[in-house]
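Architecture and fold: a report
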Amino acid sequence: MSRELKAKSAVLTGARKPIEIWTRDVPLPGPGCINIKVLRAGVCGTDPHLWNGDFEFKQAVVLGHEGLGRVIELGEGVTTDHAGQPIAVGDVVYWNPMRPCNACFDCTVTEDFTACIHGRFWSPAKGEHVWASYTEVATLLLNNSFYKVDPEVPLDAYIALGCALPTMLQAVENLGGITWGSNVVVQGAGPVGLAAIMLASLAGAENIVCIEGNESRLKRALDFGATILVDFQKEEFKTKDSRAAYIATTVGARGINLVIECSGNASAFEEGINLLCRSGQYLLVGTWAGASNVTLSPFQIVQNALKIVGSVYASPAQYYRATKLVGQVWKRFPLVECVTHKYKLRDAQKALEDVGAGKEVKAVICPQDAEGWN
Ligand SMILES: [Zn+2]
Ligand SMILES: [Zn+2]
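Sequence order as written defines residue numbering, which begins from 1 separately in each chain. Labels are handed out in written order, letters beginning with A for the chains and numbers beginning with 1 for the ligands. Predicted model: local features are reported for residues with pLDDT of at least 70 only, side-chain atom pairs are reported and counted for 80 or more only, and whole-chain, interface and lining totals are derived from all residues.

As a rule, residues whose C-beta atom has 12 or fewer other C-beta atoms within 10 Å are exposed, those with 20 or more are buried, and those in between are partly exposed; C-beta atoms are placed from the backbone. The way it works is that DSSP assigns letters per residue, a run of H or I at least four long becomes a helix, a run of E at least two long becomes a strand, and they are numbered from the N terminus. For strand β13 (residues 256–261), a buried count of six out of six residues is recorded, marking the element as mostly surrounded by other parts of the structure. Two strands pair under a simple rule: DSSP has to find at least two bridges between them. Note that strand β10 (residues 183–187) and β13 share four bridges and pair parallel. When the bridges of β13 are listed, Val184 appears paired with Leu258. The path from the first strand over the helix to the second decides the hand: if it runs clockwise while the strands point away from the viewer, the crossover is right-handed. The parallel pair β13 and strand β14 (residues 276–284), bridged by helix α8 (residues 268–275), forms a crossover whose chirality is right-handed.

Our next topic: helix α4 (residues 164–175). With twelve residues, α4 extends 16 Å from end C-alpha to end C-alpha; this agrees with the ideal 16 Å at 1.5 Å per step. The buried count for α4 comes to nine of twelve residues, which makes it a mostly enclosed element. Here, residues touch in the contact sense if the C-beta positions derived from the backbone fall within 7 Å of one another. On its buried face, α4 sits against α5 (191–202), β14 and α10 (316–329). Among the residues trailing α4, Gly176 stands out with phi positive, at a value near 100°. One fewer than the residue count of a helix, multiplied by 1.5 Å, yields its expected span.

Right, let's get into the domain arrangement of the protein. Residue ranges assigned to the domains are those given by an automatic or database domain assignment. The domain boundaries assigned to the protein delineate domain 1 (6–161 + 333–365) and domain 2 (165–310). Summarising the inter-unit geometry, the C-alpha centres of domain 1 and domain 2 are found 30 Å apart. Taken together, the contacts link ten residues of domain 1 with twelve residues of domain 2. Considered class by class, the residues forming the side of domain 1 that touches domain 2 number four nonpolar, four polar and two charged. Residues are grouped as follows: Ala, Val, Leu, Ile, Met, Phe, Trp, Tyr, Cys and Pro are nonpolar; Asp, Glu, Lys and Arg are charged; every other residue, Gly included, is polar.

Quick look at the structure:
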């Protein structure tokens, strides 16, 4: 069987070069693979960094590691998604773009898929297949785990937190869970911080303190379950000491059990670690890139029996769990409202610039002009 199917992609050809729109032929999906029309491609805060040249690509690439798409073609043997749920043409899936190879030490021995040395969340633009999301049609290959979403739930609810939700689910799993009744501080209220606040709220944290310097982000943090807001732009909270004193009086003598770093700012570390009570835990997620060093006292960690846990990316399992979680809680948390800006595929450049300028809560590219804006 053959047929002609062409698709446009937004292509990054080099650091800070204008994003180009390329058209390619879409092959039929191979055995076990599927073709999908991309309905939503989330613009992650990482994407403008990649466009800016923070990572050197050796070839032209298609970005986009957050996506939802409608199945248009099923490869031979595909009757279910990767969780065993029946799948058919017309269903919408959420997929893991990280593609663990299932053939390296970490994939097969440690089973830490986030460490796979072959995991890449972009596609070569000249390759036969594009599995990244800045495209009209993506081909999900054998190692792109995909999961059917509930047609009753708005697409925007799934894409709202983008990679931040699977990432935070992974981080909380690495931590060993959030204890019921604990006092939690979340540093930063971008998508990663909102995911942290939502999970802390669902885990039954008693107090959830959000430290952030952007008023509209703080407002959203409140909507996601933060109980105490600390705006460090305000005169009374300009210093670390003033913030710590306020948190201590508000939360009470038991102190802070868990701090989750979601600001991406290395200097937040020194503040966060000093907020912890004895046996406190520090979960570091936000500082994905950077080379800053901070001062750390081993004495403090030993004397206070602190635990520091880092986490990066998410295993395929967390993409599945993210779909299930969103299906359960999308009415309770303002996920849909998080999607503040939508762009056509040809405006991908503008989307990257806007996100890079820190304007958005959540920017989403909608590659289908004819459908799927609402
Ligand atoms: Zn991301
Ligand atoms: Zn691997």
